[in-house]
Amino acid sequence: MSDPSESVRVEGVHLLRDRVALQEALAELRERGDSLALVPTMGYLHEGHLSLVDQAHGSADTVLLTIFVNPLQFGEGEDLEHYPTDLEGDVRKARARGVTHIFAPPVSEMYPDGPPVIRVDPGPMGKRLCGISRPHHFPGVLTVVARLFALIRPDVAVFGRKDYQQAVLIRQMVRDLALDVDVQVGPLVREHDGLALSSRNVYLSPIQREVAPRFQAELARAASDFLGGMTEARHLVSGVRDRLERGGGMRVEYIEVVHPETLLPMETARVGAVLAGAVHIGSTRLIDNVLLGVRDEDPRLPPSDRSRRA
Ligand code: PAF
């Protein structure tokens, strides 16, 4: 995890490490009349994160990126202690994409009174898909995102489509708690061989890295089977699962076809349905999804309530 005492200076970036510095910077931005787009991350930035920054620039005057490895969203035995960090590299990459403000607090600044007693409950949508094997994950994500929204009060917040369930839950939280933020979802960015970009790809050994693109390739094959007329979800799912398991080198945690907004399982897939999955390659867990009949560049989530109102 990043060392809060680490001192990083990059020309042109306000690197804010505590809430006082954050509030001072926000007051200055508000005085200037700037609108603010938030891009929350856990750092170790890659092109997927940076594409969210690009999108954020199109929606507000100033982009504030946060880097915080949130302990609440990791379960016991998960990779909290090993989660990759590179604060200096992150600041440089973000700067090169026009980010002027980065909030990268230590845990004691984010949760000054210790782990929050009150957590945001994602409800039944958080108990499906990834929520089955990671019951603490989405309450942890929603709690930190709600806290970031409260501290920063952004006009817009941008999240990636790779974490599809997370994006849907954040949208739902904003709607249900009447939070005044326009939640946008950015496209899913892939390596040249189709592997979805993820900070966790760094855990893969060279051999595992060779195996990993099969995950996306099989989801893509099911997406083309769908276009070819295969609409029964159980056939799409079993095709992906069987081919992945036959190929070896990875263990399938789940593959499902779900409704894009409710995340409920669908018996018959239709355009825009989400074919989502999680696999384990060695000790690395990867998630990915394709939207049936929709290109990867198209996030395909309906506009949030706030942009509907605008
Ligand atoms: O997607 C992530 O990187 C994290 O879940 C988030 C939204 C920054 C919350 O910690």
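Use the structure listed above.
Now for a description of the structure that goes with this document. (Residues numbered from 1 in each chain as written. Predicted model: local features only at pLDDT ≥ 70, side-chain atom pairs only at ≥ 80, totals over all residues. Heavy atoms only, no water.)

A separate point is the pairing of strand S7 (residues 251-258). For a regular strand, the rule is simple: side chains alternate between the two faces of the sheet. Counted residue by residue, S7 has six buried out of eight residues, so it is predominantly covered. With seven bridges connecting them, S7 and strand S8 (residues 274-281) associate as antiparallel partners. What sits directly across from Glu256, in S8, is Ala276. (Buried < 20%, exposed > 50% of the residue type's maximum accessible area, 1.4 Å probe, protein only. Helix = DSSP H or I, 4+ residues; strand = E, 2+ residues; numbered from the N terminus. Pairing = 2+ DSSP bridges.)

Right, let's get into the site of the ligand. Taken together, Pro40, Thr41, Met42, Asn70, Gln73, Val141, Val144, Phe159 and Gln166 make up the full set of residues near the ligand. A distance of 2.6 Å separates an oxygen atom of the ligand from a polar side-chain atom of Gln73. Within the side chain of Gln166, one N or O atom sits 2.7 Å away from an oxygen atom of the ligand. Relative to its free-state accessible area of 290 Å², the ligand is covered by the protein chains to the extent of 88%. Of the residues assigned to the shell around the ligand, the class counts are five nonpolar, four polar and no charged. (Near = heavy atom within 4 Å. Polar contact = N/O pair within 3.5 Å; in protein donor to acceptor, adjacent residues only side chain to side chain. Areas by Shrake-Rupley, 256 points an atom, 1.4 Å probe, with all protein chains shown as cover. Nonpolar A, V, L, I, M, F, W, Y, C, P; charged D, E, K, R; others polar.)

On to the environment of Gly277. Note that Gly277 resides in strand S8. Note: C-alpha distance between Gly277 and Ile255 (22 residues apart in sequence) is 4.2 Å. Residues in contact with Gly277, not counting those within four places in the same chain, are Phe215, Tyr254, Ile255, Leu286, Ile287 and Asp288. (Contact = heavy atoms within 4.5 Å.)

What follows concerns the nonpolar core. Counting residues in hydrophobic clusters, the biggest one holds 45 residues, and the most contacted among them are Phe103, Phe149 and Ile152. At the level of elements, helix H1 (19-32), strand S2 (36-41), helix H6 (137-152), strand S5 (156-160), helix H7 (164-176), S7, S8 and strand S9 (284-291) are the ones that each hand at least two residues to this core. Ranked by residues supplied to this core, first place goes to H6 with nine residues. With near-sequence residues (within four places) excluded, Phe149 lies in contact with Leu38, Pro154, Ala157, Phe159, Ile170, Met173, Val174, Leu179 and Val181. If you look at the next biggest cluster of nonpolar residues, it comprises 27 residues, including Leu195, Val211, Leu219 and Ala233. (Core = buried A, V, L, I, M, F, W, Y, C linked by side-chain atoms within 4.5 Å.)

Looking now at the sheet that holds S8. Here three strands make up an open sheet; going across it, the order is S7-S8-S9 and the pairing antiparallel. What marks the edges here is a single partner per strand, and that holds for S7 and S9. For this sheet, the mean angle separating the axes of adjacent strands, direction not counted, is 10°. Along the sheet, helix H9 (residues 213-227) contacts S7, S8 and S9; its crossing angle with S9, the most-contacted strand, is approximately 20°. (Axes fitted to C-alpha atoms, helices over the stretch in contact; angles between N-to-C directions.)

Now for the environment of Val144. Within the secondary structure, Val144 sits in helix H6. When the C-alpha atoms of Val144 and Ala178 are compared, they prove to be 17 Å apart, with 34 residues separating the residues in sequence. With residues up to four places along the chain from it excluded, the contact list for Val144 reads Phe68, Asn70, Gln73, Met110 and Tyr111.

Turning next to the sheet that holds strand S6 (residues 182-186). Spatially, the six strands line up as an open sheet ordered S1-S4-S3-S2-S5-S6, and their pairing is parallel. Whereas interior strands pair on both sides, the edge strands pair on one side only; in this sheet they are strand S1 (14-16) and S6. With strand direction ignored, the average angle separating the axes of adjacent strands in the sheet is 25°. Examined bridge by bridge, strand S3 (residues 62-67) and strand S4 (residues 101-103) share three bridges and lie parallel to one another. By the bridge assignment, Leu64 is partnered in S4 with His101. Docked against the sheet, helix H2 (residues 47-57) engages S2, S3, S5 and S6, running at close to 170° with respect to S2.

Attention now goes to unusual backbone geometry. One non-glycine residue, Ala178, adopts positive backbone phi at about 50°. Relative to the elements of secondary structure, Ala178 occurs in the loop between H7 and S6. On the basis of relative accessible area, Ala178 is assigned to the exposed category, the value being 65%. Of note, Leu263 is a non-glycine position whose phi angle comes to about 65°, a positive value. By secondary structure assignment, the location of Leu263 is in the loop between S7 and S8.

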